[in-house]
Amino acid sequence: MNVVEQVQAKLKEEIKAAVLKAGLATEEQLPDVILELPKDKANGDYSTNMAMRLTKTAKKAPKMIAEELIANFNQSKASIEKIEIAGPGFINFYMNNSYLTELIPVILDAKDSYGASDFGKGEKIQVEFVSANPTGDLHLGHARGAAVGDSLCNVLAKAGYDVSREYYINDAGNQINNLALSVEARYFQALGIDKEMPADGYHGEDIIGIGKKLAEEFGDKYVNMDEQERFDFFREYGLKYEMAKLKQDLENFRVGFDVWYSETSLYQDGKIDAALAVLKENGHIYEQDGATWFRSTELGDDKDRVLIKQDGSYTYLTPDIAYHRNKLERGFETLINIWGADHHGYIPRMKAAIEALGYNREQLEVEIIQLVHLYKNGEKMKMSKRTGKAVTMRDLIDEVGLDATRYFFAMRSADTHMDFDLDLAVSQSNDNPVYYAQYAHARISSILRSGAEQGISFEGVTDFTAVSSEKEIELLKKLGEFPQAIAEAADKRMPHRITNYIFDLASTFHSFYNAEKVLDADQLDRSKARLALVKSVQITLKNALALIGVSAPEKM
RNA sequence: GCGCCUUUAGCUCAGCAGGAUAGAGCAACGGCCUUCUAAGCCGUCGGUCAGAGGUUCGAAUCCUCUAAGGCGCGCCA
């Protein structure tokens, strides 16, 4: 707990004590104390709506309750300067904010770890995201999912959760057969031999590239080979090539995974049969029309689902159920899946499966990433993997820039539909809010450099009471909010809240910067204290940007 | 037809599980660099929070209905 949290906790405690002492409510009736940060400074540093919430139990007017509460409030223990009743019955606290300067040494000392908390109490959470089929390039939607997923994981980890990031590799099933046939066709075509693409083939540029590469490397070696042997080779080669590329692309996007989980391994380890056995044992399975069904309608789905098709093969759902069972068996208390909006209809059956396996359906959370629509030359671009005309994640990063792309996706809540105007993002890239935040960081770096040149340093300074102007107090308050901002973003699975925080902090800093000068040889003590303040801002900004995978440049 | 998502300033979006006069950015307009980075700051303009009911001290926020747009509803993945 930092100073800010301590003060808040103390305030809440005193409010509670005052309510009880005034006899406004019994211990059982007492609602949780809600402390708000008033938007308008005129309403104090903190305010509580306690008086309004007690109108029912106390059977009195809110203002009267507020007066009684204040009369019984022990003011001596907290750094309170003034208490006022305002509006319909708000109790506003005006603080002596000098205690906030205690934050500075705390942040300087914590460095990279500032913002961390034990909010999550080490809860084991598994986050599965991207999980794109290895059959083509990552496109816009994957990029959004990757940015949101990675940011969420960072935020969860910082807030004290034990996070595992996983990518489920769909390396079994039809789409991989189609991949093999597509690679085969492109290989023949690269050699000038006419060969048709399979009906559900993958038409992406990357597959054409594989074909060319194979033709260059191996010539016509595979043309007259046994068909099955050739198929197996192309399948294996295509898969490896695609996976390597996916990993590289994600790495370039600053997105990493702890576990790459292979669907094929579920077959090999007998995990699918094991999962089916559990479902059967629990009475959720029946046979009909030569297929094996999951009676998911009993668990909230709108249709029963086929698990084993007439031809004996599994549907997509079956290994996925086995994978989710495996996740739970590994001891994760919560599973978060980040899916594209086109898969949202899949949620009820997966939740049904979790329940059918004997777990709590609430353990599975699904975050839906809404569609991204790309606009270029004022026209909406269609995204289709099949035709291969989709804009890839790589294209996007090349055009817009890595930091801007990450920030842009992180900025919006995942469940809003998103229009991405490429022309705007490229032509006005300097207007992107990411630069606003990075600029604040670079400015601070510049001040620190100047300080070093002038021989002014905050090393050894222990008294920061010189930090006391209005702008400085605002900065300190903002700095103090950081751990809570992270905890809240984690709790609500809303990483975009972090960009709000970043913007606020950068804005508060820019405002301070324009109002007050940090380095002043005539006021050495104040300069040193301000230098330390500014350094704290830099640390916090950098940590916040790191959460969303954005760099913090020293110069711009 | 059913389900999920969205609807807030001219445009793109925030709005912290119900709070005080609904906020930013861009766009428009007016100021601020002999001083640590003007990719910045300060100000002005701009709103029937899609619409209608309901819940209560109090609703952009919660509930119901309606409208508009998007996405899903396979023995595809």
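Residues numbered from 1 in each chain as written. Chains lettered and ligands numbered in written order. Predicted model: local features only at pLDDT ≥ 70, side-chain atom pairs only at ≥ 80, totals over all residues. Heavy atoms only, no water.

## Let's talk about the sheet that holds strand β2 (residues 46-48)
Point 1. Strand order in this open sheet of four strands is β1-β2-β4-β3, and the pairing throughout is antiparallel. Of all the strands in the sheet, the pair left with one neighbour each is β1 (35-36) and β3 (80-86).
Point 2. Pairing geometry for β2 and strand β4 (residues 90-95), over three bridges, is antiparallel. Opposite serine 47, over in β4, you have asparagine 92 as the bridge partner.
Point 3. Helix-sheet contacts for helix α4 (residues 62-71) involve β3 and β4, and the interaxial angle to β3 is about 160 degrees. (Pairing = 2+ DSSP bridges. Helix = DSSP H or I, 4+ residues; strand = E, 2+ residues; numbered from the N terminus. Contact = heavy atoms within 4.5 Å. Axes fitted to C-alpha atoms, helices over the stretch in contact; angles between N-to-C directions.)

## Observations regarding the protein's contact with RNA strand B
Point 1. Among the 67 residues in the neighbourhood of RNA strand B, the closest are listed as His344, Tyr439, Ser446, Glu488 and Lys492.
Point 2. Of all atoms in RNA strand B that approach within 4 Å of the protein, 59% are sugar or phosphate atoms.
Point 3. In the model, a base oxygen of RNA strand B is placed 3.5 Å from a nitrogen or oxygen of the glutamate 554 main chain.
Point 4. Elements supplying a minimum of two residues to the surface near RNA strand B: α2 (50-53), β4, α7 (174-190), β9 (291-294), β15 (418-421), α17 (433-453) and α19 (496-515).
Point 5. Grouping the amino acids of the surface near RNA strand B by side-chain chemistry returns 22 nonpolar, 24 polar and 21 charged. (Near = heavy atom within 4 Å. Polar contact = N/O pair within 3.5 Å; in protein donor to acceptor, adjacent residues only side chain to side chain. Nonpolar A, V, L, I, M, F, W, Y, C, P; charged D, E, K, R; others polar.)

## Concerning the domain arrangement of chain A
Point 1. Each assigned domain of chain A is listed here: domain 1 (3-95), domain 2 (124-169 + 255-369), domain 3 (174-251), domain 4 (372-430) and domain 5 (432-547).
Point 2. For domain 1 versus domain 2, the separation of C-alpha centres amounts to 47 Å. (Domains from an automatic or database assignment.)

## Topic: a negative patch on the surface
Point 1. On the surface, a cluster of negative charge is made up of Asp226, Glu227, Glu229, Asp232 and Glu236.
Point 2. The residue glutamate 227 is located in helix α9 (residues 227-252) in this model. (Patch = residues over 30% accessible without salt bridge, like charges linked within 9 Å, V, L, I, M, F, W, Y side chains within 5 Å. Areas by Shrake-Rupley, 256 points an atom, 1.4 Å probe, with all protein chains shown as cover. Salt bridge = Lys/Arg side-chain N within 4 Å of Asp/Glu carboxyl O. Lys, Arg positive; Asp, Glu negative; His and termini not counted. Charge placed at Lys NZ, Arg CZ, Asp CG, Glu CD.)

## Some remarks on the layout of surface pockets
Point 1. Empty space within the largest pocket amounts to approximately 1200 Å³.
Point 2. At the level of elements, α1 (3-21), β1, α18 (470-491) and α19 are the ones that each hand at least two residues to the lining of the largest pocket.
Point 3. If you tally residues by element for the lining of the largest pocket, the top one is α18, at eight residues.
Point 4. Taken together, the residues of the lining of the largest pocket sort by class into 15 nonpolar, six polar and 14 charged.
Point 5. Two domains share the lining of the largest pocket, each providing at least three of its residues, namely domain 1 (3-95) and domain 5 (432-547). (1 Å grid on protein atoms, 1.4 Å probe; cavity = no way out; pocket = protein on both sides within 12 Å on 5 of 7 lines; lining within 4 Å. Points joined across faces, edges and corners; volume = space filled by probe spheres on them.)

## Quick word on the sheet that holds strand β10 (residues 305-308)
Point 1. Ordered in space as β8-β9-β10, the three strands form an open sheet in which the pairing is antiparallel. Both outer strands of the open sheet, β8 (285-288) and β10, are each paired with one neighbouring strand and no more. Across this sheet, the average inter-strand angle for adjacent strands is 45 degrees, counted without regard to direction.

## Notes on the packing of aromatic side chains
Point 1. Applying the stated rule across the entire model yields 28 aromatic pairs.
Point 2. When the ring of tyrosine 222 is compared with that of phenylalanine 233, the centres are 4.1 Å apart and the planes differ by 15 degrees; the resulting orientation is stacked. In this pair, tyrosine 222 sits in the loop between α8 (205-218) and α9 while phenylalanine 233 sits in helix α9, placing the two residues eleven residues apart along the sequence.
Point 3. Its relative accessible area of 4% is what places tyrosine 222 among the buried residues.
Point 4. Its relative accessible area of 22% is what places phenylalanine 233 among the partly exposed residues.
Point 5. Through successive ring pairs, a cluster of aromatic residues spans Tyr187, Phe188, Phe218, Tyr222, Phe233, Phe234 and Tyr237.
Point 6. The residue whose ring lies beneath lysine 195 is phenylalanine 188, and the NZ or CZ to ring-centre distance is 4.6 Å.
Point 7. Positioned above the aromatic ring of tryptophan 260 is the side chain of lysine 247, whose terminal nitrogen or guanidinium carbon lies 4.7 Å from the ring centre. (Phe/Tyr/Trp six-rings, centres within 6.5 Å; stacked < 30°, edge-to-face > 60°. Buried < 20%, exposed > 50% of the residue type's maximum accessible area, 1.4 Å probe, protein only. Lys NZ or Arg CZ within 6 Å of the ring centre and 35° of its normal.)

## Focus on unusual backbone geometry
Point 1. Positive phi, normally seen in glycine, also occurs at lysine 59, with a value near 55 degrees.
Point 2. Looking at the element boundaries, lysine 59 is found in the loop between α3 (55-58) and α4.
Point 3. Phi is positive for serine 131, close to 45 degrees, though the residue is something other than glycine.
Point 4. With respect to the helices and strands, serine 131 occurs in the loop between β5 (124-128) and α6 (140-158).
Point 5. A relative accessible area of 13% places serine 131 in the buried class.

## Digging into the environment of threonine 416
Point 1. With respect to the element layout, threonine 416 can be found in the loop between α15 (402-411) and β15.
Point 2. Take threonine 416: its relative accessible area is 33%, and that puts it in the partly exposed class.
Point 3. Remark: the alpha-carbon pair of threonine 416 and isoleucine 369, spanning 47 residues in sequence, is separated by 7.8 Å.
Point 4. When residues no more than four places from it in sequence are discounted, the contact partners of threonine 416 are Arg144 and Gln370.

## Things to note about the pairing of strand β12 (residues 364-369)
Consecutive side chains along a regular strand alternate between the two faces of the sheet.
Point 1. Examined bridge by bridge, strand β11 (residues 334-340) and β12 share six bridges and lie parallel to one another. Across the sheet, asparagine 337 pairs through a bridge with valine 366, a residue of β12.
Point 2. Read as a crossover between parallel neighbours, the route from β11 over helix α13 (residues 347-356) to β12 is right-handed. (Right-handed = clockwise from strand over helix to strand, strands pointing away.)

## Regarding the side chain of arginine 325
Point 1. One can find arginine 325 in helix α12 (residues 317-329).
Point 2. Those residues in contact with arginine 325 that sit more than four places away from it in its chain are Ala274, Ala275, Val278 and Leu357.

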